[in-house]
Amino acid sequence: MGTRLTGKGNGAKRHSHSIWVFCKAQLSAQFASVVDFLVTILLAKAFGIFYLYATFTGSVVGGMVNCAINYGWVFHAKNVKKKYVAIKYLLVWGGSLLFNTWGTFALTEWITDMTWINKLPGFYVTNVFLLCKIVVAVLVAFIWNYQMQRLFVYRNHNFRLFLKHHNRKLIK
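Residues numbered from 1 in each chain as written. Predicted model: local features only at pLDDT ≥ 70, side-chain atom pairs only at ≥ 80, totals over all residues. Heavy atoms only, no water.

### Re the packing of helix 3 (residues 51-74) against helix 6 (residues 128-153)
Line of reasoning, step 1. Packing of helix 3 against helix 6 brings their axes to within 13 Å, and their N-to-C directions diverge by 35°. Here the hand of the crossing between helix 3 and helix 6 comes out right-handed. Facing helix 3, whose interface residues are Tyr51, Thr55, Ser59, Asn66 and Asn70, helix 6 presents Phe129, Lys133 and Gln149. (Axes fitted to C-alpha atoms, helices over the stretch in contact; angles between N-to-C directions. Helix = DSSP H or I, 4+ residues; strand = E, 2+ residues; numbered from the N terminus. Left-handed = near helix turned anticlockwise from the far one by under 90°. Contact = heavy atoms within 4.5 Å.)

Structure below.
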């Protein structure tokens, strides 16, 4: 049988490596999310800070933890200069912060505007933002964060060559 059918060869190794990297990225993201949620809950519940600001601050702290873990353990980006990783991470992280903060805000406001929600005991209504934060965080993690980090942040990209190549195509 060919190597494609038996699962042996380069394709299978590459596939199992991709799955391993994905699993490590998810572990890193989960750890960073725990930090994010702890900061958010501490600020919102212990210090009475408005949930939107607490969500933003938790996302910032969690993002810093995630970047540090991903750089050394998940993507092994030692060949990429740290300043370039930082710049690219900030761009992607900015998108993530916006998606998480405003996604949580929009979903929380939408849900709390529902009349049947207001009939629930006060504990559930005042903590609905945590459920919204979880839903939004999971969606952003899979759709935005992992993909952008895998394909953009922790890889070397020669932007000059890219621009030069695309400028030639535009001129022709």
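### Re a nonpolar patch on the surface
Line of reasoning, step 1. On the surface, a nonpolar cluster with roughly 640 Å² of combined accessible area is contributed by Leu131, Ile134, Val135, Val138, Leu139, Phe142 and Ile143.
Line of reasoning, step 2. Structurally, Val138 is set in helix 6.
Line of reasoning, step 3. Exposure remark for Val138: the relative accessible area of 41% places this residue in the partly exposed category. (Patch = residues over 30% accessible without salt bridge, like charges linked within 9 Å, V, L, I, M, F, W, Y side chains within 5 Å. Areas by Shrake-Rupley, 256 points an atom, 1.4 Å probe, with all protein chains shown as cover. Salt bridge = Lys/Arg side-chain N within 4 Å of Asp/Glu carboxyl O. Buried < 20%, exposed > 50% of the residue type's maximum accessible area, 1.4 Å probe, protein only.)

### Thoughts on the pattern of salt bridges
Line of reasoning, step 1. Scanning the entire structure with this criterion turns up one salt bridge.
Line of reasoning, step 2. Its salt-bridge partner being Asp36, residue Lys133 comes within 3.0 Å of it at the nearest N-O pair. Note that Lys133 is positioned in helix 6 and Asp36 in helix 2 (residues 10-46), a separation of 97 residues in sequence.
Line of reasoning, step 3. The class of Lys133 is buried, set by a relative accessible area of 1%.

### Examining the layout of surface pockets
Line of reasoning, step 1. Put simply, the largest pocket is a space of about 470 Å³.
Line of reasoning, step 2. Forming the walls of the largest pocket are 27 residues, and the residues nearest its centre are Ala29, Ser33, Ala137, Ala141 and Asn145.
Line of reasoning, step 3. Tallied by class, residues from the lining of the largest pocket come to 14 nonpolar, twelve polar and one charged. (1 Å grid on protein atoms, 1.4 Å probe; cavity = no way out; pocket = protein on both sides within 12 Å on 5 of 7 lines; lining within 4 Å. Points joined across faces, edges and corners; volume = space filled by probe spheres on them. Nonpolar A, V, L, I, M, F, W, Y, C, P; charged D, E, K, R; others polar.)

### Overview of the environment of Asn70
Line of reasoning, step 1. With respect to the helices and strands, Asn70 occurs in helix 3.
Line of reasoning, step 2. Remark: the alpha-carbon pair of Asn70 and Ser28, spanning 42 residues in sequence, is separated by 6.8 Å.
Line of reasoning, step 3. Residues in contact with Asn70, not counting those within four places in the same chain, are Ser28, Phe75, His76, Gln149 and Tyr154.

### Thoughts on the side chain of Gln26
Line of reasoning, step 1. Position of Gln26 relative to the elements: it lies in helix 2.
Line of reasoning, step 2. Relative accessible area serves as the criterion here: at 14%, Gln26 is assigned to the buried category.
Line of reasoning, step 3. Sequence-distant contacts of Gln26, that is, excluding residues within four places in its chain, are made with Phe142 and Tyr146.

### Observations regarding the confidence of the model for the protein
Line of reasoning, step 1. Overall, the prediction assigns the protein a mean pLDDT of 83, with 82% of residues at 70 or greater.
Line of reasoning, step 2. Of the regions scoring below 50 in pLDDT, residues 1-7 engages in three contacts with residues more than four places distant in sequence or in other chains. (pLDDT = per-residue confidence, 0-100.)

### Brief notes about the nonpolar core
Line of reasoning, step 1. In this structure, Phe75, Val85, Tyr89, Val153 and Tyr154 are the most contacted members of the largest nonpolar core, which totals 16 residues.
Line of reasoning, step 2. Taken together, the elements giving at least two residues each to this core come down to helix 2, helix 3, helix 4 (82-112) and helix 6.
Line of reasoning, step 3. Counting residues per element, this core draws most heavily on helix 4, which supplies five residues.
Line of reasoning, step 4. Apart from the residues within four sequence positions on either side, Tyr154 is in contact with Asn66, Cys67, Asn70, Tyr71, Phe75, Ala77, Val80, Val85, Tyr89 and Gln149.
Line of reasoning, step 5. Ala44, Tyr51, Phe129 and Leu130 belong to the second-largest nonpolar core, a separate cluster that totals six residues. (Core = buried A, V, L, I, M, F, W, Y, C linked by side-chain atoms within 4.5 Å.)

### Some thoughts on the side chain of Asn66
Line of reasoning, step 1. Locating Asn66 in the fold gives a position in helix 3.
Line of reasoning, step 2. Among residues more than four places away in sequence, those in contact with Asn66 are Ser28, Ala29, Ala32, Tyr89, Gln149 and Tyr154.

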